[in-house]
Amino acid sequence: MKEDLSIQIITRSEEMPEMTSARFFHSPQLFRIVEQTPGQSPYMVVAMQSGKVVAHLLAILRRRGSLIPPYLFTQGRVYGEGEYDEGVNREEVFSLMLEAITRKLRRKLCFYIEFSDLTAKMFAYRHFRANNYFPVHWLEIHNSLHSMPPEDRLSEKTIARIEHGKLCGVVTKEVESDGEFEDYYHMLRRFFSFKVRRYLPPEQMFRQLKDDRCCKLYATLYKEKVIGGCAVVVSEGNAYLWYMASLRKSHHYLHPGTMTVWHALEEAYAIGLRHFYFMDVGLPFRKDPRREFILRFGGKPVGTYRWFRFTLPWMNKFAGWFYKE
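About the thresholds
Residues numbered from 1 in each chain as written. Predicted model: local features only at pLDDT ≥ 70, side-chain atom pairs only at ≥ 80, totals over all residues. Heavy atoms only, no water. Helix = DSSP H or I, 4+ residues; strand = E, 2+ residues; numbered from the N terminus. Patch = residues over 30% accessible without salt bridge, like charges linked within 9 Å, V, L, I, M, F, W, Y side chains within 5 Å. Areas by Shrake-Rupley, 256 points an atom, 1.4 Å probe, with all protein chains shown as cover. Salt bridge = Lys/Arg side-chain N within 4 Å of Asp/Glu carboxyl O. Lys, Arg positive; Asp, Glu negative; His and termini not counted. Charge placed at Lys NZ, Arg CZ, Asp CG, Glu CD. Buried < 20%, exposed > 50% of the residue type's maximum accessible area, 1.4 Å probe, protein only. Contact = heavy atoms within 4.5 Å. Phe/Tyr/Trp six-rings, centres within 6.5 Å; stacked < 30°, edge-to-face > 60°. Axes fitted to C-alpha atoms, helices over the stretch in contact; angles between N-to-C directions. Parallel < 35°, antiparallel > 145°, perpendicular 65-115°, else oblique. Nonpolar A, V, L, I, M, F, W, Y, C, P; charged D, E, K, R; others polar. 1 Å grid on protein atoms, 1.4 Å probe; cavity = no way out; pocket = protein on both sides within 12 Å on 5 of 7 lines; lining within 4 Å. Points joined across faces, edges and corners; volume = space filled by probe spheres on them. Core = buried A, V, L, I, M, F, W, Y, C linked by side-chain atoms within 4.5 Å.

Asks: Honestly, the environment of Tyr222 in this entry has me stumped. Any pointers?
Replies: Topologically, Tyr222 is positioned in strand E9 (residues 215-222). Spatially, the C-alpha atoms of Tyr222 and Asp178 are 18 Å apart, while their sequence positions differ by 44 residues.

Following this line, the structure appears as structure tokens:
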């Protein structure tokens, strides 16, 4: 099959071939959003056979930087392994797309590349290894919404916190007006300012997500002040919590994070979605406060890999040794 395939990398939306897409994180829709966002560049890797797209994968090159602490670099980011037509040998085609995007991002002097949210832990293991990626054990948390109502999975402590927040007048709603959006994004920036690992896209991207039918921005308010919020993507009948933040230090007694996540879960259940996926559950340490917080909502922890590759050979070799299984 490899002999019949050709691999292309599309960098401009006007060059995009005709394709169908069900996964938001590999869609032409997200490609165009990223394309119009400062500091980000989309790369759609396309596998063609007989003039038809049989597989595609979206990678995002991000420019990251901060004054406190000072740093500046670019990062390649891929969510999942892409999309494939029925009957396509996924691992075989993925190996070609992986090789192509790795070569492309290396030439762009990308500091490191990260793959996450793969559908199976061992997917393309040998192909990642062959392209000098190294795995890091990670934990993901999935909440099932089709087997029982989400409130049945809550602990008594979490239920008490939700009731306390409601009694205090805390409400969570979808961001609608420009004023609400500005307060919402200001809160996100305040939360992410000193987080080196976590990345917050520019405001322009969130404005586009707000207007996209697959995305919902939720803001948690107390006395008309935004104290929490999140961004949720709906794709293939599931919900994906992509970004989440709260002013937990100044408003800890109102539990803004709990109120935000609970509203997102309730909304996902109300519209009949099957699962709720948390896309960031903290770093892969034995104990992580973010992960402990998310587990309070009754989700199932699942062990998986994230794959990384540094462009600098010595750094990649050292990191691979450090995270050796």
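Asks: Teacher, can you tell me more about a negative patch on the surface here?
Replies: Taken together, the side chains of Glu151, Asp152, Glu266 and Glu267 present a region of like negative charge at the surface. Inspection of the secondary structure puts Asp152 in the loop between strand E7 (134-144) and helix H4 (156-167).

Asks: Any chance you could explain a nonpolar patch on the surface here in plain terms?
Replies: Taken together, Phe318, Trp321, Phe322 and Tyr323 make up a surface patch of nonpolar side chains, about 500 Å² in accessible area. Position of Tyr323 among the secondary structure elements: in the segment after helix H9 (313-322). A relative accessible area of 38% places Tyr323 in the partly exposed class.

Asks: Even after reading the chapter, I still don't get the environment of Glu203, so can you show me in this structure?
Replies: By the secondary structure assignment, Glu203 is in helix H6 (residues 203-210). On the accessibility criterion, Glu203 (29% relative accessible area) is partly exposed. Sequence-wise, Glu203 and Gly272 are 69 residues apart; in three dimensions their C-alpha atoms are separated by 30 Å. Contact partners of Glu203, with chain neighbours within four places excluded, come to Phe181 and Tyr185.

Asks: I keep staring at the packing of aromatic side chains and nothing clicks. Help me out?
Replies: What characterises a pair of aromatic rings is the spacing of the ring centres plus the angle enclosed by the ring planes. The full count for this structure, using the stated rule, is 39 aromatic pairs. Between the aromatic rings of Tyr184 and Phe206, the centroid separation amounts to 6.3 Å while the plane-to-plane angle is 65 degrees, which identifies the pairing as edge-to-face. Residue Tyr184 is located in helix H5 (residues 178-192), and its partner Phe206 is located in helix H6; the two are separated by 22 residues in the primary sequence. With respect to burial, Tyr184 and Phe206 carry one shared label: buried. Pairing Phe318 with Trp321 gives two aromatic rings, centres 5.7 Å apart and planes at 40 degrees, and the pair type is tilted. Taken together, the positions of Phe318 and Trp321, both in helix H9 and three residues apart, correspond to about one turn of that helix. Using a relative accessible area of 48% as the deciding quantity, one classes Phe318 as partly exposed. Classification of Trp321 as exposed rests on a relative accessible area of 58%. Linked through ring pairs, Phe24, Phe25, Tyr79, Phe181, Tyr184, Tyr185, Phe206, Tyr240, Trp242, Tyr243 and Tyr277 together constitute an aromatic cluster.

Asks: Explain the packing of H4 against helix H7 (residues 256-270) to me, please; I cannot follow it from the model alone.
Replies: At their nearest, the axes of H4 and H7 sit 9 Å apart, and the two run at 100 degrees to each other. Between H4 and H7, the crossing angle belongs to the class labelled roughly perpendicular. Along its contact with H4, which presents Thr158, Arg161, Ile162, Gly165 and Lys166, the element H7 presents Thr258, Met259 and Trp262. Looking at the contact of H4 with H7 residue by residue, the classes come out as three nonpolar, three polar and two charged.

Asks: What is the right way to look at empty space enclosed by the protein in this model?
Replies: Rolled over the atoms, a probe as big as a water molecule pinpoints where empty space is left. The full count for this structure, using the stated rule, is two cavities of 30 Å³ or more. The volume enclosed by the largest cavity comes to roughly 50 Å³. Around the largest cavity, the lining residues are Lys216, Tyr218, Val232, Val234, Ala239, Ala264, Glu267, Ala268, Ile271 and Leu273. Per-class residue counts for the lining of the largest cavity are eight nonpolar, no polar and two charged. Of the voids in this model, the second largest cavity is the one considered here, and its volume is about 30 Å³. Considering the residues around the second largest cavity, the lining is formed by Leu241, Trp242, Met244, Phe278, Met279, Asp280, Arg290 and Ile294.

Asks: Is there a simple way to think about the nonpolar core in this case?
Replies: Generally speaking, soluble globular proteins have nonpolar side chains that are buried together. In this structure, Phe24, Phe25, Leu30, Tyr184, Leu188, Phe206 and Trp242 are the most contacted members of the largest nonpolar core, which totals 44 residues. Those elements that provide at least two residues to this core are helix H1 (28-35), strand E2 (40-49), strand E3 (52-66), H5, H6, E9, strand E10 (225-235) and strand E11 (238-246). Counting residues per element, this core draws most heavily on H5, at seven residues. If we ignore the near neighbours within four places in the chain, the residues touching Tyr184 are Val175, Phe206, Leu217, Tyr218, Ala219, Val226, Gly229, Cys230 and Ala231. Membership of the second largest hydrophobic core comes to 29 residues, among which are Val54, Ala55, Phe128 and Tyr133.

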